[in-house]
Structure formats: C-alpha cells, structure tokens
There are 4 protein chains.
Amino acid sequence: MTIFASDNVTPACPEVMEAVVAANTGDAVAYGDDELSLRLGRTFSDVFEKNVAVYPVASGTASNALALAALTPPYGKIFCHALSHINTDECCAPEFFTGGAKLVPLQSGDGKIVPDALATAMSAAGSVHNAQPACVSIAQACETGTVYRLEEIARIAELSHAQGLALHMDGARFANALVTLGVSPAEMTWKAGVDVLSFGATKNGCLAAEAIVFFDPERAKTLPFLRKRAGQLLSKMRFVSAQLEAYLSDDLWLKNARHANAMAKRLSDGLARLPDVALAYPVQSNEIFAHLPRAMIDRLTVAGFQVSEEELDGTAPPRLVTAWNTDPAEVDRLLSILEDA
Amino acid sequence: MTIFASDNVTPACPEVMEAVVAANTGDAVAYGDDELSLRLGRTFSDVFEKNVAVYPVASGTASNALALAALTPPYGKIFCHALSHINTDECCAPEFFTGGAKLVPLQSGDGKIVPDALATAMSAAGSVHNAQPACVSIAQACETGTVYRLEEIARIAELSHAQGLALHMDGARFANALVTLGVSPAEMTWKAGVDVLSFGATKNGCLAAEAIVFFDPERAKTLPFLRKRAGQLLSKMRFVSAQLEAYLSDDLWLKNARHANAMAKRLSDGLARLPDVALAYPVQSNEIFAHLPRAMIDRLTVAGFQVSEEELDGTAPPRLVTAWNTDPAEVDRLLSILEDA
Amino acid sequence: MTIFASDNVTPACPEVMEAVVAANTGDAVAYGDDELSLRLGRTFSDVFEKNVAVYPVASGTASNALALAALTPPYGKIFCHALSHINTDECCAPEFFTGGAKLVPLQSGDGKIVPDALATAMSAAGSVHNAQPACVSIAQACETGTVYRLEEIARIAELSHAQGLALHMDGARFANALVTLGVSPAEMTWKAGVDVLSFGATKNGCLAAEAIVFFDPERAKTLPFLRKRAGQLLSKMRFVSAQLEAYLSDDLWLKNARHANAMAKRLSDGLARLPDVALAYPVQSNEIFAHLPRAMIDRLTVAGFQVSEEELDGTAPPRLVTAWNTDPAEVDRLLSILEDA
Amino acid sequence: MTIFASDNVTPACPEVMEAVVAANTGDAVAYGDDELSLRLGRTFSDVFEKNVAVYPVASGTASNALALAALTPPYGKIFCHALSHINTDECCAPEFFTGGAKLVPLQSGDGKIVPDALATAMSAAGSVHNAQPACVSIAQACETGTVYRLEEIARIAELSHAQGLALHMDGARFANALVTLGVSPAEMTWKAGVDVLSFGATKNGCLAAEAIVFFDPERAKTLPFLRKRAGQLLSKMRFVSAQLEAYLSDDLWLKNARHANAMAKRLSDGLARLPDVALAYPVQSNEIFAHLPRAMIDRLTVAGFQVSEEELDGTAPPRLVTAWNTDPAEVDRLLSILEDA
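Residues numbered from 1 in each chain as written. Chains lettered and ligands numbered in written order. Predicted model: local features only at pLDDT ≥ 70, side-chain atom pairs only at ≥ 80, totals over all residues. Heavy atoms only, no water.

Draft legend 1. Summary view of the state of the cysteines. Residues and elements named next belong to chain A. Throughout the structure, instances matching the rule amount to zero disulfides over all chains. No disulfide involves cysteine 80; its nearest neighbouring cysteine sulfur is the one of cysteine 135, lying 9.1 Å away. Unpaired in this structure, cysteine 92 has its nearest cysteine sulfur neighbour in cysteine 91, at a distance of 6.0 Å. (Disulfide = S-S within 2.5 Å.)

Given below as structure tokens:
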C-alpha cells in the first residue's frame, strides 16, 4: 500500500537515521547537557542568522502547545485559523498547556488568517470580563497546504505587535513553505515579525524531532520548566539533537522539502486535468485537498492507495500528502488510475 | 442617573433583603449544613416538580463554569453560541474550571443556536486527535434577549443526547424567559431535555445568589468537591440560601421578571416607533439591543441615562436592560427624550 | 445548641448587617465600580498606612488561592505549614488556582513554620527537574490558634526575600492575631515583610467578605483577570464592600476580636484547671485544641454544646472556637459541666 | 570520563538500536496504528500473563504523570514517599497532568512507604474540605535504590484498595527490581495488587521508550485523550514500539538489569569495605547512595569519574548508579582510587 494520507507515515531519511546511530556511542550527559545538544543552539542560530534559544521536544503538538504556553496567560486569547492544527487536531493541548486559555477561531476560505478579520477580532476586547488577547498563531504552511507570502506574515505581525500580542508560527511543514517561497529562514520568521517558531522536522525526514525556537531568548525564561513538567525534556536528548543536526546539515531539510513539494505539484497538476476533480485550495506545499467522486476513491483503495478522508474539521474533501520519499512512479500510477476511472 | 446598562446594577428586592436579615439570628452550622440550606433541595424540587440536587454559589460565572466542569472532561468540547456569556464574558472561566476544555462557538443571527449548525459541528469529531464532544450549552434567555421556544430546546436536547452529550442551560435570566413562554420551570428544563441548569437569581432581585441544579443527582457527584476547591462553598451559606428561599416564595421571582419584561416591552415598543432607531433582535425578555444614532446616545447621557455600548463581542449595538425595579416613568422619560431628538 | 466548633457558625454582627441593608438603595454600577467599592482602596490604605491594592472576594479559600496564584507559577513551590488551612482544608484550591503548583508542607509542634526548617526546605532546589520555590505562606493566627511574633514574621520574610520568594499571610483570623500582639496592621504585615495578605472578615462578624491586599500594587497586575475567571468578581459588589467598610469602621473588627480572644482565654483558663484535660497548643487567639476524655465530650454533647473533632489533619484533639458573639455565661456553663464530670 | 551519576547517560544497547533501524523501512500508519505498535499489546500481555492495555510515551515523567492523571480527580490526593521521583524531580508534572491534585509526601528512612504511615495518612480524610484520597504511588525500585518485597507491595495494595484507592507503580527501574526479587512481572505487579504501572525502559537500554500499562483496561478509557493532549502520542510511534519490542525480546531487559545490579553490588561491596565510607541505604538494585569524604569525591573527579551530588531532595549523600553498560574494570578502578585515598 502506498499511503498518501499523511507525511507522518514516512520513515526517517537515511542521513537522519545514520546520525542517530552515530550518536549511540558511550555515555553522554543527560537532559540536554551533552555535546550534541549543547551545540544545537549554535546550529539554529546559524540557520536563522540570529541568536536564538532552542528547545527540542518529541512531538509537534507539544511544540505548539509549549510555545503558546510561554506566550499566553491562562486567561489569554490565542487568535488562530478555524482550520488550524492547534484548533482542530490537538485534543485541547493548547488549552491544557496554557492552563485554560481560549483559542479564537477565525474563518477564511483558504486556511490563512485574513488581516482584516484578525483586526476586528482583536479589537473586541479590553475589560476584565473578556479573555485577554495574548498572541496570534499562524501555520506555515497552513493545514490547507497554502502558504503565507512574506508581506502577509509581516502584516499579521504588525497588527499583532501593535496590540502587544506575540506572533507564533506553527512550522510543522516549515521547510515545505520555505522552499515554496524561496526565501531564507530569517526572512520567513523574525524578519517578518515572528516571535516564536515551532520548527517541525518529523514529517520531513526525522523519527521524532521538533524544536521550539525563540527569536528573543528573553521570552523563553519559563520554557525550561514548562517543558520539564510536560514530560518533554527527554533524558537521552542526544538522540533528538542528532536528528536535528543531521536534518539541518548539507541542506538535507530543503532537499527533502523540495522533493515533497515537487511531487505535490506533479500530483495536483494531474488531478487538475481530470474532468470530475476539483482542487479545494491552491497547492502551495505538499498537501492537496481535492473533491474526488466516491467511485474514484474506491478505485484508489482497491489499487492500494490510501488517502485521508477526515482531515481538518471533518467536512473537508479528501487529502493527499506527498513527502520526502514519495515515488514519482506511484504518483503517476495513481493519476493513471483516476484517468481510467 | 438611571442605569439601563444592565440588570446587575439593581438593588436586592425588599423581600429578599428581609430574608437575609431574618437569617441573621444566632449560630448556624456552617458550609450549607444549616436548616435553611438543608431545606433548599426540597424547595427547588418542588419548583421543578422533580427530585433535584442544588448547589448554591456566589456568582453566575461560577455557576456556569462549575456546571460545565461537572459535564466535561478536560479534553472535551462545549458547543455554545458565539455570543454566549460563557464564550465572551467570563474571562476563560469555563476553560479554567474544566481544566482546559474547548468552547466551540456557533454563529447565528439572533443569538440562539441553530440545530442544523449544531448537528454539523458535532459530527466533526471522533478520533483521539480531536477534542471530544461533551456538552451543549444554551442560554435562556439568550445574551441577545431572545428566548428559545420549548420545541427548540427539545430539538437541541434530542441532538445532544443522540450523541451522548449533556445539555446545560445558562439561566442567568431564567425567570425572564419563563414568564415570556408562560410555561412551568419543569417544562422549560428537564421535560425539554435540559440536564443541568445554572439558575440565576442575582439579576432579578437577589444580592448574590445563584444555584446549580442537576435534574439527575447522579451527575452531581463531583460537584461538591469542584465547588469547594473553587472557593464557592461559602461558610455562612445560610445567607445565600435565605435569598433563594425568599426569591422562590410567593412567586416573587415571577413577579419581578414580569415587571422587567413589561418594562422592556414598553421601552422597545417606544423605540420601534422612532424613525432612526432599529431593534437588533426580537425583544423577548428584558434586554433590548437597538441601533441608536450617536446623537441620541449623547442626549440620553446628558439626561442622566446610562446604556451599555460594549456588550456581546464588542461589535453589537447599544444595550438597554430593564429590571424588577425599573420605573415606568423613567422609561417614558427616556422615550420622550429620544422622540424630541 | 451552642456551637463551639467553629467561628463560621456565627451570624453577622449588627453593624455589618445594617451596612448591607443601607447599601440596598437604588441602582449602583456593577462589578466593583460603585461608590462604596471604589472607596474601599482608600479605607484599606488608611488602615494599613500604605497605598495598597484591594480585591474583595466571597470566601477565604478563594482569597488564599487567588493570592497564591498571583505569586506562583504553575511549576512553583509554596512553602507552608503541614497543618495550614491551604494544605489541609481547601480541597486543592491552591493547586487549582495556581495551575498545579506544589505545596511543600513543613512540620512543627505548634503550627508555626520554624525558620530553620524553612531554610533547609528552600535550599533543596534549583534545577529544571525541581518545582521552583515561589512563595511562603504563613497563617496569622495559625490553624492551631498560635500567633507569630513580629520578629518571627520578619525572620521568615527575610529568609523568603533572600531567595526571591514572596511572603503571603493567610489572615482568616487576622484581627484575632492583631489584638493578641497589640500592634498595628502595618507592623504585622508589610513592615514585617509580608507581601500579600488574605484579609479575613467573615469569621469575625461579616456575612461573606474577604479581601486580598497587595502591599505592592505592581504585584497585583494579573489579579483582576484571575479573580474574574474564578467567578469571584461579584456583580453586586457593593454588598461585599459595605460589609468591609463597616467592619473596619469605629474599630468594630478589633472590638469583635478582643471579645473572641477574651472568651478563649476564659475558656482555656478553665480547661487548664481541669485534671484530665490538656491543652494541645498555647492559646493565643480564639481557637483552643484540648485533649478531652471521651466522657467529657459526650457530656458536652448531651448538654447541647458542639465541638469539632475532625480539625487540622484529622489527628488533632477536639477544637473549641470562640467568636465575637460568644456568651460568657455559656463558657462558664460549659466549664461547670466539665468540672462536674 | 566515566559517568556513575545516572543511568540516563547510557547509550541504547545494540539490540534496541538495531530494532529502530530495522523499523525504518517504508511507510507505516501513524500514531500507533502501525503493525509494530499494534502487536505491542500482545507482547506486554504475554510478559505480564494478563490482558493489559499499553500506552507508549516518550519520557518517564510523562509516563508517571499520565498514569496518575488517569487515576486521580483534580481534587484528589496521591500518597507517595517524600523522596519519590514524582514528588521531587518532575517539576510539578503530576500536579499539571491531574489538573491540580495534591501529592501527600510520606517520610521513612529508606525510601519505601511504611504501611502504618500510609494507613494514618489515608484515614485523615473524608469531608468536602479535604482533597480526596485517590491513589497511592510506589516506586519499584525506589529512588533510594531499595526494593519492596512482594508482601510489602501486597500490604500497601490491600490498604489502598480497602479505601477505594488505586495503586500505581513507578517502574523507571522496574527490571532492576524484578531481577533483585527473582519473581515474575505478574507477581511484582497485578498479582500483588498493582493497578497501573509506569514501565521504564529508557534507563536500561532504550533511546526513549516508556509505557503505561493498565492491568484493568477499563481504567484506561481516558488515557488516549490525556496522552494526545499532552503531546505524548508520537506520530511515528513505530520507532518507540520497536524499542520496546526488542527490549522485551530474548530476556534482553532482564540481562541488562542483571548486569547493572551486579555492577552495583561489586561497587557497593567495595565501598562498604572502605573505612571512611558509609552506605546510606541497603543496595538492592543499581543505585548506591554513599557518604563519601569530600577528598574522595575530589579524587574521583580528578580521575575522570562523575557522581551525582544533588539527588533526591538535595540533602542526600552522593549517588553512584550502574547500568547495563557499566564496565567492571571501571568499577574496580574507582574502588582502587578510593582505597588509595
């Protein structure tokens, strides 16, 4: 079976696995004080062209929820898109980690927050009776596969900062968005006004490696304690750090993302040519949402392909996701089956 | 100054205050084990024609949040209207008391949950990644001043129960809705499918007295502990119980609500006759939302009237609220000022 | 029946009830923006000879838990006596309001924290693996009825502040301790190093009135939101403020406390003279813990007296509490019954 | 440098690492629905001779805190030893995951809970004012390196169950205790009355693999949601499951533990022979606490050995821990240095 349902189904890429194996030699200080982990701050600071504070964790949900908890009081409001992962797919993790903050879901057609809607939502606040606006969270790429342009990020950051709110970026598919825009990590984050990034690596070639990146280390003061009490400070941290180091070396992460995106383009271009198929959103990273007739889905299933039918809020059309390891031959085979249907 | 901004500005009505004074004689067992408090269960059971479990608390926010906490796991979803008090005006109290549950805001024009929208929202759930549907909360009367008809409540209850969800009613203005419908307390609650009621009395003539009413006492097992750890188990509970007993005696609560509603009708009828004024919602209880020209608002302010301009989500038109003590002469004076404007 | 089990059984004293009745005239702005509430800050600032920030709430549990929540991160340690009310009698309210902080119970014979034990406990900390020392909480008077001397408070404050910890005082029986020491409110609090006080009034003559007092208003920034989301911002706040104003007027609070303490002395002096009775702690306020033979307790019960047998951690001897309204004739009657036994 | 400070410093053992590498082939369903993860339940059920429910997580802190959260309401009491890891080394994780439950620390000389002390502590409860006894947590092996005998576990289970409390076992060093006792996993857990086990594997040869084991799967109903919202449901779960499967295969876990324990015996026997050294606790697993003169510690440091000086509550003597990979030659070298000192 070839699984197009998610990029979480992929194995780790060889370079990352080799790094994990290589890290498995002799004793090393625990809880992130090993050599590999200690040099991770330097690595990320180089990649982002800025002195950053980095906190590896084991899952994307934890990465998002911890980042938000560092930015939001328990009576705070987090503005996000209604279809965002933090709102729909994390089983109240943001509410849990923040101690009960409120996610304010904003609507829009393509999964991206619309600045005007954000401005209106933020203005509706002030008194002690209301939850207090605390931060804005955008996903790059979005859950719908769309990607914010730099000026869109900058506009949202401007609105947020004008009200004293921090801007968080859920970067579960950060690399995919980055290669789409063809800009630098710095440009897509702090130069555009992002304050904290949940940097994803698992979907794009790692085993289990995510990192919370604070562009202003001062904001990170509570993070070490929040991370420990969440059970996200792994004792043998070297094995996470090794993944992240390999991932960021020799442009491996960008290479993986370029392949995934190229496969998504190949697939979506093919789908767009089919008479009975309609793409739900512009395809700008490695996710495709497409309205497929039931008969087509059944044909795919019979042929050994798996797509996802319950993504986003359960009302979205089927999702197909490509990844660092997607075989173009399988993309073509899928398309030819649909063409036959 | 006459305040039409809220019904929270009113004093307690004489009968209630007399009961508080009368309760102030000699020692009485603390924490709700006094005679007055012990007979409160009987009183409520009589009013609701059913054996209910009753838990008095000091504020409406606590009443709502504790009721929801008894019905919702920390990873649960609470479906409510986007304009509901629990969503907009309680500074994350429901999230706090439930340990981080998620309020899912539903939209509609008049403040009432639309069954179809609820059905769609509830269906979008299921896997471990999603917060789990746990309960539905409706306000009767709504924050907009509208009132659910019995069959609307029953339909929402039916949808909720079919999915295993409990139905909570925020009854901050329960009496006002009740006299509007002209039905019995039983008919408007458990007979229509309501599982737990936050019974409000403060706005309609008490000093500070609210009660959580469980129509199935089995559901209330955790409530005593949740209430205590929330600092809502008052030591001298007799003073709260005395208010509630007086409030429910001799139809005082209904008399007060009828007067408030009649004043709202008198006021809204007058407003509706004015050329530049438009009512935002049907006036069905004691709240009026009316689009008033700025000049009119200014004239009212000069004349010593206070209305509320920041209710609901901050985007709603000005609010005028009548109460048990509203003077019809003041209503008429307000209208005549507007007519002159 | 005369209840010596608690001071929570008492009615409100006449002056306080009169103030509540007097506050019940006409409309008043809600949520603490009424005139009575607005002048409360001035009243407390005068009493404490310092510009303080004051937040009335409905219960002592809420007062303690909110004060601690303003001082403690969710990964913080609160050092307290093992027998303290916050540790034994508030059903996890401090843990709830702080979002999961840890109470570190310190042992000692008489209910007061011993500075050396505190110093040792505070030193055992530091790394990310440990909950972080955040504040120290003392009760004045203590749950055992003992009272800290000024130099004891100052020593604990010195130790706390040296480690960057704040000092909280649970003043459920603040007035009783104050008249025992014969010092000023300022001397027993901020002049001795107390940062935040939970000022109790309910037990000593009010219906339900407690206040959180911040001696540095800067520390109180989160309190308005924490209080609102806890359902402790009462809408008709004037009725709480009226109690507190009357309580602090004309030395009413001190007069009430002096009477309660005098009755405790009369009672404990009598008990000390009895051959089979032993006082468990020095009697320094209005609480007495006494080892009484079972036969004596039974005799008291038959004679219509109620004492408390399950106080503190459930292992302490029976408790007798006097109050502002204790009748000396009843004290004498109780003693004569025991003498006869 | 040879690190005797902890068993968290060790690499993964070869068999485990090979299993991880072997799991890295092709796509696999995410979030624990892959083949490797699905057969984990069978594997654990075989090992424990009972149908169990198993939930892998990434850290021991998460394993303990989630297990406790499944057993404890937010107003619950968790009885544990004062020196237990959950009380001293998890930065309020149990309080966080349970929503604010209270850990009740019990004292004893050797790190094991004493049944009589537990019985006394449990009896001190009952009313709504108290946190409610919910569960008991023991560590096997204890933080001090001591090991409960089967009859001790059974006695604690009996006391717990008699009061309706569940028994949790923190098995961070489960294998070490098991080989010490020479009993079966079933005998040391459910046959002795343990309800839920936090099964540790990381310290004894894995990279990052812990599992929560419910001996009554009915108790685990909330766990999937609690785990997800805690960010502990890893997307590529196969890599955790692969570790656990290898760990439990061919008695690898027991072999590793036997070696670690044997090294601890070799080391502690040597220490016991030294005139200026005193063992703080009986050495029954792979941890040694020894009072060492400062000069000896300095000599070890110079010679490249690292011991831990801040374990337990910060007041304990230095700790030396052996592991699956401890080199006996290094043990002997350490001892000879001390003998020379």
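Draft legend 2. View of the relation of the copies chain A and chain D. Relative to chain D, chain A is turned by 180 degrees and slid 0.0 Å along the rotation axis, the superposed coordinates differing by an RMSD of 0.0 Å. Such values leave the two copies arranged in the relation of a two-fold axis. Comparing interface residues between copies, 100% of those in chain A also sit at the interface in chain D, which points to an isologous, same-surface contact. (Least-squares fit on C-alpha atoms with pLDDT ≥ 70 in both. Contact = heavy atoms within 4.5 Å.)

Draft legend 3. View of the relation of the copies chain A and chain B. Expressed as a screw operation, the relation of chain A to chain B combines 0.1 Å of axial shift with a rotation of 180 degrees, fitting to an RMSD of 0.0 Å. Here 100% of the contact residues of chain A are again contact residues in chain B; the copies associate through an equivalent surface.

Draft legend 4. Expanded view of the sheet that holds strand β12 (residues 319-321) of chain D. All names here are of chain D. Here three strands make up an open sheet; going across it, the order is β9-β10-β12 and the pairing antiparallel. Because the sheet does not close on itself, it has two edges, and the strands there are β9 (278-279) and β12. Where β9 lies against strand β10 (residues 287-291), two bridges are found, and the strand directions are antiparallel. Note on β10: the bridge partner recorded for alanine 278 is histidine 291. (Pairing = 2+ DSSP bridges. Helix = DSSP H or I, 4+ residues; strand = E, 2+ residues; numbered from the N terminus.)

Draft legend 5. Just the side chain of glutamate 95 of chain B, in detail. Within the element layout of this structure, glutamate 95 of chain B appears in helix α6 (residues 93-98). Non-local contacts of glutamate 95 of chain B, meaning those with residues more than four positions away in its chain, are made with Gly100, Ala101 and Lys102 of chain A together with Gly100, Ala101 and Leu103 of chain B.

Draft legend 6. Representation of the interface of chain A and chain B within the structure. With 22 residues of chain A at the contact, the number on the chain B side is 22 residues. Contact between chain A and chain B buries roughly 1,700 Å² in total, counting both sides, with carbon and sulfur atoms accounting for 53%. When the area that chain A buries against chain B is broken down by residue, the three leading residues are Cys91, Cys92 and Lys102 of chain A, summing to 31%. In this assembly, chain A and chain B are joined by two salt bridges. For glutamate 95 of chain B, the salt bridge is made with lysine 102 of chain A, and the minimal N-O distance between the two is 2.7 Å. In this assembly, chain A and chain B are joined by ten residue pairs in polar contact (both at pLDDT 80 or more). Elements with a minimum of two residues in the side of chain A that touches chain B: α5 (85-88) and β4 (102-106) of chain A. Each residue belonging to the side of chain A that touches chain B can be placed in one class, and the counts come to eleven nonpolar, six polar and five charged. (Buried area = accessible area lost by both parts, 1.4 Å probe. Salt bridge = Lys/Arg side-chain N within 4 Å of Asp/Glu carboxyl O. Polar contact = N/O pair within 3.5 Å; in protein donor to acceptor, adjacent residues only side chain to side chain. Nonpolar A, V, L, I, M, F, W, Y, C, P; charged D, E, K, R; others polar.)

Draft legend 7. A look at the pairing of strand β8 (residues 210-214) of chain B. All names here are of chain B. In terms of burial, β8 is a largely internal element, five of the five residues being buried. Neither face of β8 is exposed, since Glu210, Ile212 and Phe214 on one face and Ala211 and Val213 on the opposite face are all buried. For strand β2 (residues 53-57) and β8, the ladder comprises five bridges, and the chain directions are antiparallel. From the neighbouring strand, tyrosine 55 faces β8, where its bridge partner is isoleucine 212. Pairing analysis gives five bridges linking strand β7 (residues 196-200) to β8, with the strands arranged antiparallel. In the strand pairing of β8, leucine 197 is matched with valine 213. (Buried < 20%, exposed > 50% of the residue type's maximum accessible area, 1.4 Å probe, protein only.)

Draft legend 8. Summary view of the pattern of salt bridges. Residue and element names in this part refer to chain C. A complete count under the given rule lists 72 salt bridges over all chains for this structure. Of the charged contacts, one joins arginine 266 and aspartate 332 as a salt bridge, the two residues approaching to 2.8 Å between their closest N and O atoms. Highlighted residues: arginine 266 in helix α13 (residues 252-272) and aspartate 332 in helix α15 (residues 328-340), separated in sequence by 66 residues. Take aspartate 332: its relative accessible area is 32%, and that puts it in the partly exposed class.

Draft legend 9. Examining the pairing of strand β4 (residues 102-106) of chain B more closely. Residue and element names in this part refer to chain B. Of all five residues in β4, four are buried, a share of seventy percent or more. Relative to β4, strand β3 (residues 76-81) is paired through five bridges, and the arrangement is parallel. Opposite cysteine 80, over in β4, you have proline 105 as the bridge partner.

Draft legend 10. Structural context of the interface of chain A and chain D. Of the residues lining the interface, 46 residues belong to chain A; the matching set on chain D comes to 46 residues. Taking both sides of the interface into account, the surface hidden between chain A and chain D amounts to around 3,800 Å²; carbon and sulfur atoms contribute 58%. On the chain A side of the contact with chain D, Phe96, Arg229 and Lys236 of chain A bury the most area, a combined 20% of that side's loss. On the surface where chain A and chain D come into contact, there are zero salt bridges.

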